[in-house]
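Next come the chains, spelled out residue by residue.
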Amino acid sequence: MLDSLLDGLGILGTSPEMVALFVGFGLVVGVLFGFFGMGGSFLVTPALLMLDYPAPVAVGSGMAFVFGTAVIATLKHHDLGQVDYKLGAIMITGTTIGIEAGRASVYYLESLGLAGGIISVAYVVLLGGVGAMVTRDALKSNRGGIDHEAADKDLDEYEIPEIAKTIQQTVRIPPMVSLRGDVRVSVWVITAVAFATGLLSGFLGVGGGFIRMPAMIYAIGVPVPVAVGTDLFEIVFSGGLGSYLYGQGGGVNLGIVAPLLFGSALGARIGSAATAVVDADGIKIYFGGMLLIGAVAVGIGEIGSYVGSPTLELLGLVLVIGAAVVVAFAILYTTISSLRQKRHQGTSVTD
Amino acid sequence: MAGLEIPTWDPETALLIGTILLEAIVLYVGYGGLERLFGPYLMKFLVGGEANAR
């Protein structure tokens, strides 16, 4: 009875080596997620695609992993009072429809035998685009990703970006709602942002935070910490529903998700603690570089799959995982070095 | 939204998603407890002496 249940959930189909790999990869992804507040999860789906999992399993399990990660992160942000439940509730509708449209597209493309290829191309464009943007901002003005100092300010101290002010003044289609941080915006703006990011989530199996958070800040105008907390709260629902729908089609493999989550929950604590010690600006450039390498890796893996070269496919996989591991170790190394330096300085002052 | 699927009740899938939800909550609480218990010792080991990361 237990065997058939575990087998049905996909637990028994994963070898111990793969479980160890997933725990390790989850740890790395968790460190990145905890430190940057975004970005780690969208390395999971391409890695699963390169491990030859079918596209619905790679996307569905990636989404279930995002769901579990979002539950853990939302619990933490709730404790900090950084979740706008009204905004989250409005966004859930648009995101739900968007996710369902994205998920239906994946199954349609899978029936045509095109899903793996098109999803990989979308990842190359997305990772490349976001990676180039983050790297450029890091080189130019040290912006991009989450500003850890900004996240510590009071909500009243935040200035609404100009573009958000323009949208709030131009699009005044009722009903209008008031949000935390003294923001008043049309429900339709929120729904449009939610649908677009939901579509992306459903199609790629990602939380969509790296698109939704900037969209909430620049299109809706909410303060950064509220955008982060509300985004995570919203992912709990959208990710849960998306995982359920993929699960109904056999797309969620607990043998993949459980070990990934086991590692990432620990990694996220380490990454989150590191933000109190390390200045994120110095590492953002590595983050941008990691995304760019991820884009190249997915491209190489896809070419390898197209021309039937296992070596190229392996090279792609090694590059994706290698880039994430290097950045995670850079965070850990910098954190420990900073702590030792601070302690050394403290000792010198005492002397 | 033609062709889109309305979620239907499926006990096995609900169990699957419920398991992930439960694992997430257990990990949040469990790792939180471990951090409080062993965090100071780990910091002492990594940094050496009385250091405070928080």
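Residues numbered from 1 in each chain as written. Chains lettered and ligands numbered in written order. Predicted model: local features only at pLDDT ≥ 70, side-chain atom pairs only at ≥ 80, totals over all residues. Heavy atoms only, no water.

Further remarks concern the overall build of chain A. Counting its secondary structure elements, chain A contains 13 helices and 2 strands. Residues classed as buried in chain A amount to 56% of the 351 residues present. The long-range fraction of contacts in chain A, counting pairs at least 24 apart against all pairs at least 6 apart in sequence, stands at 78%. Accessible surface computed for chain A: about 14,700 Å², of which carbon and sulfur atoms make up 66%. (Helix = DSSP H or I, 4+ residues; strand = E, 2+ residues; numbered from the N terminus. Buried < 20%, exposed > 50% of the residue type's maximum accessible area, 1.4 Å probe, protein only. Contact = heavy atoms within 4.5 Å. Areas by Shrake-Rupley, 256 points an atom, 1.4 Å probe, with all protein chains shown as cover.)

On to the packing of helix α2 (residues 16-36) of chain A against helix α11 (residues 254-274) of chain A. All names here are of chain A. Contact geometry of α2 with α11 gives a least axis separation of 5 Å together with a crossing angle of 35 degrees. By crossing handedness, the relation of α2 to α11 is classed as right-handed. Among the residues making up the contact of α2 with α11, the classes are represented as 14 nonpolar, 9 polar and no charged. (Axes fitted to C-alpha atoms, helices over the stretch in contact; angles between N-to-C directions. Left-handed = near helix turned anticlockwise from the far one by under 90°. Nonpolar A, V, L, I, M, F, W, Y, C, P; charged D, E, K, R; others polar.)

An α-helical segment advances 3.6 residues per turn. Residues three or four places apart therefore align on the same side. Residue and element names in this part refer to chain A. The terminal C-alpha atoms of helix α8 (residues 187-204) lie 26 Å apart, and with 18 residues this matches the ideal 26 Å at 1.5 Å per residue to within 8%. Three or more residues of α8 are buried, namely Val187, Val189, Ile190, Val193, Ala194, Thr197, Gly198, Ser201, Gly202, Phe203 and Leu204. Taking the backbone nitrogen of Trp188 as reference, a side-chain oxygen 3.1 Å away marks Ser186 as the first, capping residue of α8. (Expected span 1.5 Å × (residues − 1). Polar contact = N/O pair within 3.5 Å; in protein donor to acceptor, adjacent residues only side chain to side chain.)

Right, let's talk about the packing of helix α4 (residues 55-79) of chain A against helix α5 (residues 85-111) of chain A for a bit. Between two packed helices, what matters for the description is the angle formed by their axes and the separation of those axes. Residue and element names in this part refer to chain A. Direction vectors running N to C along α4 and α5 enclose 165 degrees, while the axes themselves pass 11 Å from each other. Put simply, α4 runs roughly antiparallel to α5. Between α4 and α5 the crossing geometry is right-handed. Counting all contacts with α4, which are made through Ala55, Pro56, Met63 and His78, the residues of α5 involved are Tyr85, Ile99, Tyr107 and Glu110. Class assignment of the residues belonging to the contact of α4 with α5 gives a composition of 6 nonpolar, 1 polar and 1 charged. (Parallel < 35°, antiparallel > 145°, perpendicular 65-115°, else oblique.)

A few words now on the pattern of salt bridges. This structure, assessed with the given rule, holds 2 salt bridges over all chains. In this structure, the salt-bridge partner of Glu100 of chain A is Arg103 of chain A, at a minimum N-O distance of 3.0 Å. Of the two residues, Glu100 of chain A and Arg103 of chain A both sit in helix α5, 3 residues apart, roughly one turn of that helix. Of the two residues, Glu100 of chain A and Arg103 of chain A, both sit in the buried class. Where Glu35 of chain B meets Arg269 of chain A, a salt bridge forms, and the shortest distance between an N and an O atom there is 3.0 Å. Highlighted residues: Glu35 of chain B in helix α1 (residues 11-47) and Arg269 of chain A in helix α11, drawn from two different chains. According to the relative accessible area criterion, Glu35 of chain B is partly exposed, its value standing at 28%. Overall, the relative accessible area of 22% leaves Arg269 of chain A in the partly exposed class. (Salt bridge = Lys/Arg side-chain N within 4 Å of Asp/Glu carboxyl O.)

Counting residues in hydrophobic clusters, the biggest one holds 75 residues, and the most contacted among them are Phe25, Leu32, Ile119, Met290 and Ile331 of chain A together with Ile20 of chain B. Per element, the largest residue contribution to this core is 12 residues, and it comes from α4 of chain A. Among the nonpolar cores identified, the runner-up in size contains 25 residues, and Ile190, Met213, Val222 and Leu232 of chain A belong to it. (Core = buried A, V, L, I, M, F, W, Y, C linked by side-chain atoms within 4.5 Å.)

Below, the discussion takes up the interface of chain B and chain A. Contacts between the two partners involve 33 residues from chain B and, on the opposite side, 40 residues from chain A. Note on chain B versus chain A: buried area summed over both sides is about 3,200 Å², and carbon and sulfur give 70% of it. Where chain B packs against chain A, one counts 1 salt bridge. Across the contact surface, chain B and chain A share 6 residue pairs in polar contact (both at pLDDT 80 or more). A per-class count over the side of chain B that touches chain A returns 19 nonpolar, 7 polar and 7 charged. (Buried area = accessible area lost by both parts, 1.4 Å probe.)

On to the packing of aromatic side chains. Aromatic rings considered in pairs are described by the distance between their centres and by the relative angle of their planes. As enumerated under the stated definition, the model contains 4 aromatic pairs over all chains in all. One aromatic cluster is present, formed by Tyr85, Phe233 and Phe237 of chain A through successive ring pairs. (Phe/Tyr/Trp six-rings, centres within 6.5 Å; stacked < 30°, edge-to-face > 60°.)

Take the side chain of Ser186 of chain A next. Residue and element names in this part refer to chain A. You can see Ser186 is positioned in strand β2 (residues 183-186). When its relative accessible area of 0% is taken as the criterion, Ser186 is described as buried. Looking at Ser186, its side chain comes within polar contact range of the main-chain nitrogen of Trp188, at 3.1 Å. With sequence-adjacent residues up to four places away left out, Ser186 is seen in contact with Val171, Ile173, Pro175 and Met176.

Located in the positive-phi region is Asp52 of chain A, a residue other than glycine, with phi close to 75 degrees. Overall, the relative accessible area of 61% leaves Asp52 of chain A in the exposed class.

As a further point, take the side chain of Ser338 of chain A. Residues and elements named next belong to chain A. Turning to its location among the elements, Ser338 is positioned in helix α13 (residues 310-350). Here Thr334 takes part through its backbone oxygen, which lies 2.7 Å from a polar atom of the side chain of Ser338. If we skip the residues at most four places from it in the chain, Ser338 touches Val277 and Val278.

Now for the confidence of the model for chain B. Looking at chain B as a whole, the pLDDT averages 79, with 76% of positions reaching at least 70. Low pLDDT, under 50, characterises residues 50-54 of chain B; the stretch is placed with 9 contacts to residues that sit more than four places away or in other chains. (pLDDT = per-residue confidence, 0-100.)

Moving on, we get to the environment of Gly26 of chain A. Residues and elements named next belong to chain A. Within the secondary structure, Gly26 is located in helix α2. Residues Gly26 and Gly263, spaced 237 residues apart in sequence, show a C-alpha to C-alpha distance of 4.4 Å. The residues touching Gly26, leaving out its near neighbours within four places in the chain, are Leu260, Gly263 and Ser264.

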